[in-house]
Amino acid sequence: MDEVWTRYVENMVGRLTGPMKLRLVMQPLMAAIFAIRSGLGDARAGKPPYLWSLFTNPGSRAEMLKDGWKSVGKVFLMALILDIVYQLITTRFVYPLEAITTALLLAIVPYLILRGLVTRLAGRK
């Protein structure tokens, strides 16, 4: 089990300096663009910040998740595909958990953080 965790950490750190490192900038940037667009739409509609509402408003959670996936789903899938290509180039094997983790970190996390932040900031104006 220690070998698995060691490989996981080494492979995740290796993504920072390995081939295709431009995607580490471009994918969060794309997620940010979609988050800003959605956050401004939320502010215009008078909706509360996205991530906060996911936790505090269970009645509309399914609809909100569907809307969020519609915005960031393509970026997530592209991050997943690019990480699989990266793994095939560097290790000649695909580690699914590493690919999913990378895609979550590059696409979903920036989207969740920025959408609510943009909604708050735009709502103040």
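In this text, all values refer to a predicted model and were calculated from it rather than measured experimentally. Every residue gets a number counted from 1 within its own chain, in the order that chain's sequence is written. Predicted model: local features are reported for residues with pLDDT of at least 70 only, side-chain atom pairs are reported and counted for 80 or more only, and whole-chain, interface and lining totals are derived from all residues. Just so you know, side-chain values use all the structure's heavy atoms and leave hydrogens and water out.

Caption draft 1: Just the overall build of the protein, in detail. Along its length, the protein carries 5 helices and 0 strands. Considering only C-alpha atoms, the protein reaches an extent of 50 × 30 × 20 Å along its principal axes. Three exposure classes are used, based on accessible area relative to the maximum for each residue type with a 1.4 Å probe and protein chains only: buried under 20%, partly exposed in between, and exposed over 50%. Out of the 125 residues in the protein, the part that is buried amounts to 36%. Look at the contacts in the protein between residues 6 or more apart in sequence, and 76% of them connect residues 24 or more apart. Using the Shrake-Rupley algorithm and a 1.4 Å probe, accessible areas are obtained, with residue cover drawn only from the displayed protein chains. When the accessible area of the protein is evaluated, it comes to approximately 8100 Å², of which 71% is carbon and sulfur surface. Numbering of helices and strands starts at the N terminus; helices are DSSP runs of H or I of at least 4 residues and strands are runs of E of at least 2. It only takes one pair of heavy atoms within 4.5 Å for two residues to be counted as in contact.

Caption draft 2: Local environment of the side chain of Arg 115. Positionally, Arg 115 belongs in helix H5 (residues 96–124). Note on Arg 115: relative accessible area 2%, which makes it buried. In this structure, Arg 115 is in contact with Ala 35, Ser 38, Gly 39, Asp 42, Tyr 50, Asp 67 and Gly 68, ignoring residues within four places of it in sequence.

Take it as geometry only, folks, not as evidence of what the structure does.
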